[in-house]
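As a plain string of letters, each chain reads:
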Amino acid sequence: MKKLFIILVFAIVALAMTTSTADAQCKQQVVYQCATQTEKAIYLRDFNTKLKRDAADEETGMKWTVVLNKGTQYRFSLCAPDGFQDQVVLTLYDSEHPENSKPWGSTYDKTTKSDRKSFDFICNKTAMYYISIRFKAGEGSKKACAVGILSFVGKSTNK
Amino acid sequence: MHKKCLYLALVCLTFVQFSCGGCDGSGSGDVDFIPSEDEVVTTSDVNYDAEAMNEVIASFSSPVEMAALLKDSDVPFSQKYLMDPDKVNGYTSSFKRALGLGILSADLGYLNVYSKTSMILDYLVGIRKLTESLTLGQFFDFQALKRLATSDDNIDSLLIMSVQSYHNMDEHLRNNQRSNLSALMVTGVWIESMYLVTQVAKERPNEEFKNTIGEQKGILNNLLPILKLFKGNDKHFADLVGNLEEVKEVLDVVKITVQVKDDLPVESEGAIVQNEESIVTVSDEELSEIITVTEKIRNKIIN
């Protein structure tokens, strides 16, 4: 009976911890690895979210606001745990360039259906922008997490 | 006996669930209390659209961005631009401490970007004092940062960890009805970053710095309405708004127009080039006035 009790407790604790982890943001280690993969770019901030889709048409993930400055080349990188990299997309947009129609940039090209881990953006207008990290349409059968990194590549030389 | 086992297991499960309250990385799970000394205005006293306000506060630049721009422009390091971290010993109100935390965070960013590890410790000590008095100590791992600061090899880790600490503190304040302190932190970062670039522009005038300074008009126009929300009967906030209104007055002469070049953004050498460009117009005399007023207000704020 004592054995049964111990097994039961361990099973419930393990289940509770698994649920909690799957429903959480990415761990610090994932953020750090992602932040140090940006080559020589300087880390500015990260965007960490849990991803969960309960219904097919449900919006997942999060959006954040960020001020980007004119004359700067920024890098946006996206990291997700193994098995989820091609299910997640990071998008840069603003009110006049909506997320789903003509965003400024994205890690997923809908036309060619190709993914990229990061993209650079040369900002020519200081303003408030949005960054979102979400499951792609049709993806998200399991809970996941993802991290976006914003980094400073350098002054823009493009004129 | 079976029932007893199940009850015990349920108690264990409940304990695990509650003890994991901070496992999402949003906080340590520590009880947060508002320092009592002088907090006249708190978020709960103010009528506002909390989501919209927090969205604006969260959007403000990272405390390392201006420093990164200066370094990329080959501007040499200079300690004279930085605040003396010992000044925080005289900061007795949470208003002053939150502002000081933003200012020192920008200075720490500057030291990080220029890899001045030998000077970083004094700033870490100053920030620790401020975070502890603002009950934000759980987001600032002084020992870990100190360890990283003692080795030149860890400068990237130091930068990442210190910037993350800043953002975690800011997020925690906004999520716990202390957006007034969060607004002060971002104001501190903004005024110090503005001071850095204007001091550099004074010594090394060029068009790039002129543009960067002129573009701050839009940033200040977003920041001021938030600070005004907390003005109420709080003298500290009212004074700060008054000071920043002086900066706004000299920035208001800057003209910013937007030109759209093409229909779509284009890519150049793998980078997306934004096809909308803001054009900043500011004369040398106007710039000189902005530099003077920024210096005056920043020095007033830190003293």
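Starting from 1, residues in each chain are numbered consecutively following that chain's sequence as written. Numbering of ligands from 1 and lettering of chains from A proceed in the order in which they are written. Totals for whole chains, interfaces and linings use every residue, but because this is a predicted model, local features are given only for residues with pLDDT of at least 70 and side-chain atom pairs only at 80 or more, for both listing and counting. Heavy atoms throughout the structure, all of them, feed into the side-chain values; hydrogens and water do not.

Q: When you look at the pattern of salt bridges in this model, what are you seeing that I'm missing?
A: Once the charged atoms of two side chains with opposite charge are near each other, the side chains can pair. A pairing counts as a salt bridge when a side-chain nitrogen of Lys or Arg comes within 4 Å of a carboxyl oxygen of Asp or Glu. Throughout the structure, instances matching the rule amount to 18 salt bridges over all chains. Salt bridges sharing partners connect three or more residues here, namely Lys70 of chain A together with Lys261 and Glu277 of chain B.

Q: So what exactly am I meant to see when it comes to the state of the cysteines here?
A: Working definition: the covalent bond between the sulfur atoms of two cysteines is a disulfide. Residue and element names in this part refer to chain A. For the purposes of this analysis, a disulfide is any pair of cysteine sulfur atoms at a distance within 2.5 Å. Across all of its chains, the model carries two disulfides over all chains by this definition. Residue pairing for cysteine 26: its cysteine sulfur links by disulfide to cysteine 145, the two sulfurs lying 2.1 Å apart. Across the S-S bond of cysteine 26 and cysteine 145 the torsion is about 105°, and the bridge reads as right-handed. Of this pair, cysteine 26 sits in the loop between helix 1 (2–22) and helix 2 (28–35) while cysteine 145 sits in strand 10 (residues 144–155), and the two are 119 residues apart along the sequence. Each member of the pair, cysteine 26 as well as cysteine 145, is classed as buried. What pairs with cysteine 34 in a disulfide is cysteine 79, and their sulfur atoms sit 2.1 Å apart. Every disulfide takes its handedness from the sign of the S-S torsion; for cysteine 34 and cysteine 79 that torsion is 85°, giving right-handed. Here the residue cysteine 34 occupies a position in helix 2, and cysteine 79 occupies one in strand 3 (residues 72–79), the gap between them amounting to 45 residues. Exposure class is identical for cysteine 34 and cysteine 79. Each is buried. With its bonded cysteines labelled in order along the sequence, chain A shows the pairing 1-4, 2-3. Here a helix means four or more residues in a row that DSSP labels H or I, a strand means two or more in a row labelled E, and each is numbered from the N terminus. Type-normalised accessible area, obtained with a 1.4 Å probe on protein chains alone, sets the label of each residue: buried when under 20%, exposed when over 50%, and partly exposed for intermediate values.

Q: How should the packing of helix 2 of chain A against helix 7 (residues 155–175) of chain B be read in this particular structure?
A: The description of two helices packed together rests on the angle between their axes and the distance between the axes. As a packed pair, helix 2 of chain A and helix 7 of chain B sit with axes 11 Å apart at the nearest point and diverge in direction by 125°. One element, helix 2 of chain A, and the other, helix 7 of chain B, form an angle in the oblique class. Helix-helix and strand crossings are classified by hand; for helix 2 of chain A and helix 7 of chain B the assignment is right-handed. Counted together, Gln28, Val31, Tyr32 and Ala35 of chain A of helix 2 of chain A and Ser157, Ile160 and Gln164 of chain B of helix 7 of chain B form the full contact between these two elements. Under the convention adopted here, Pro, Cys and the residues Ala, Val, Leu, Ile, Met, Phe, Trp and Tyr are nonpolar, Asp, Glu, Lys and Arg are charged, and Gly plus all remaining residues are polar. In the contact of helix 2 of chain A with helix 7 of chain B, the residues fall into four nonpolar, three polar and no charged. The axes are straight lines fitted to the C-alpha atoms, using for helices just the contacting stretch, and the angles between their N-to-C directions are given from 0 to 180°. For this classification, under 35 degrees means roughly parallel, over 145 means roughly antiparallel, 65 to 115 means roughly perpendicular, and everything else is oblique. For any helix crossing, the convention is left-handed if the near helix is rotated counterclockwise from the far helix by under a right angle, and right-handed if that rotation is clockwise. Any two residues having at least one pair of non-hydrogen atoms within 4.5 Å are treated as being in contact.

Q: Would you explain the confidence of the model for chain A in this entry?
A: When pLDDT is low, close inspection of the predicted coordinates is not appropriate. All names here are of chain A. The predictor attaches a confidence to each residue, and that confidence, scored 0 to 100, is pLDDT. Averaged over every residue, the pLDDT of chain A is 83; the share at 70 or more is 84%. The secondary structure element of chain A with the lowest average pLDDT is helix 1, at 44, and the one with the highest is strand 4 (residues 88–93), at 96. Overall, residues 5–22 carries pLDDT values under 50, and its contacts beyond four positions in sequence, including any with other chains, amount to 19 contacts.

Q: What should I look at first to understand helix 5 (residues 117–133) of chain B in this one?
A: Think of an α-helix as turning once every 3.6 residues; residues three or four places apart then point the same way. All names here are of chain B. Taking 1.5 Å as the rise per residue, helix 5 with 17 residues should run 24 Å; its terminal C-alpha atoms sit 25 Å apart, in good agreement. Three or more residues of helix 5 are buried, namely Thr117, Met119, Ile120, Tyr123, Leu124, Gly126, Ile127, Leu130 and Thr131. Against the buried residues of helix 5 lie helix 4 (94–113), helix 6 (142–149) and helix 7. Phi turns positive one or two residues past the end of helix 5, at threonine 135, with a value near 55°. Working rule for helices: expected span equals 1.5 Å times residues minus one.

Q: Honestly, helix 11 (residues 284–302) of chain B in this entry has me stumped. Any pointers?
A: Residues and elements named next belong to chain B. Relative to the 27 Å expected for 19 residues at 1.5 Å per residue, helix 11 spans 27 Å between its end C-alpha atoms, a close match to the ideal helical length. Of the residues making up helix 11, those classed as buried are Leu287, Ile290, Ile291, Val293, Thr294, Ile297, Arg298, Ile301 and Ile302. The elements touched by buried residues of helix 11 are helix 4, helix 8 (179–203), helix 9 (207–229) and helix 10 (235–251).

Q: How should I be thinking about the environment of glutamate 295 of chain B in this particular structure?
A: Residues and elements named next belong to chain B. Structurally, glutamate 295 can be placed in helix 11. When the C-alpha positions of glutamate 295 and glutamate 192 are compared, they lie 9.6 Å apart, and in sequence the two are 103 residues distant. Among all residues touching glutamate 295, those that are not within four sequence positions of it are Tyr195, Gln199 and Lys202. Looking at glutamate 295, its side chain comes within polar contact range of the side chain of lysine 202, at 3.1 Å. Side-chain atoms alone can form a polar contact between residues adjacent in sequence; in general such a contact is a pair of N or O atoms within 3.5 Å, and within protein one must be able to donate a hydrogen while the other accepts it.

Q: Would you take a moment to explain unusual backbone geometry for this structure?
A: Note: most peptide bonds trans; most residues except glycine with negative phi. In this model, lysine 113 of chain A sits at a positive phi of 55°, which is unusual for a non-glycine residue. Relative to the helices and strands, lysine 113 of chain A resides in the loop between strand 6 (108–109) and strand 7 (114–115).

Q: Got a minute to help me understand the side chain of serine 165 of chain B in this structure?
A: All names here are of chain B. Secondary-structure assignment places serine 165 in helix 7. Its relative accessible area of 4% is what places serine 165 among the buried residues. Within the structure, serine 165 has its side chain in polar contact with the backbone oxygen of phenylalanine 139 (distance 3.2 Å). Residue contacts for serine 165: discarding those within four places in its chain leaves Phe139, Phe140 and Leu145.

Q: Can you walk me through the nonpolar core in this structure?
A: Most often, soluble globular proteins have nonpolar side chains that are buried together. If you look at the biggest cluster of nonpolar residues, it comprises 126 residues, and the most contacted ones within it are Leu68, Phe76, Leu92 and Phe121 of chain A together with Leu70, Trp190 and Leu244 of chain B. With 13 residues, helix 8 of chain B is the largest single contributor of residues to this core. Ignoring sequence-local partners within four residues, the contact set of leucine 70 of chain B consists of Val75, Tyr110, Tyr114, Leu196, Val197, Val200 and Phe209 of chain B. Joining through side-chain atoms within 4.5 Å is the link that ties buried Ala, Val, Leu, Ile, Met, Phe, Trp, Tyr and Cys residues into a set, and such a set is a nonpolar core.

Q: Got a minute to help me understand the confidence of the model for chain B in this structure?
A: Residue and element names in this part refer to chain B. For chain B, per-residue confidence averages 84 on the pLDDT scale, and residues scoring 70 or more make up 83% of the total. Within chain B, the element-level pLDDT minimum falls on helix 1 (residues 2–19), averaging 46, and the maximum on helix 11, averaging 97. In this model residues 8–41 is a low-confidence stretch, pLDDT under 50, and it forms 54 contacts with partners more than four residues away in sequence or in other chains.

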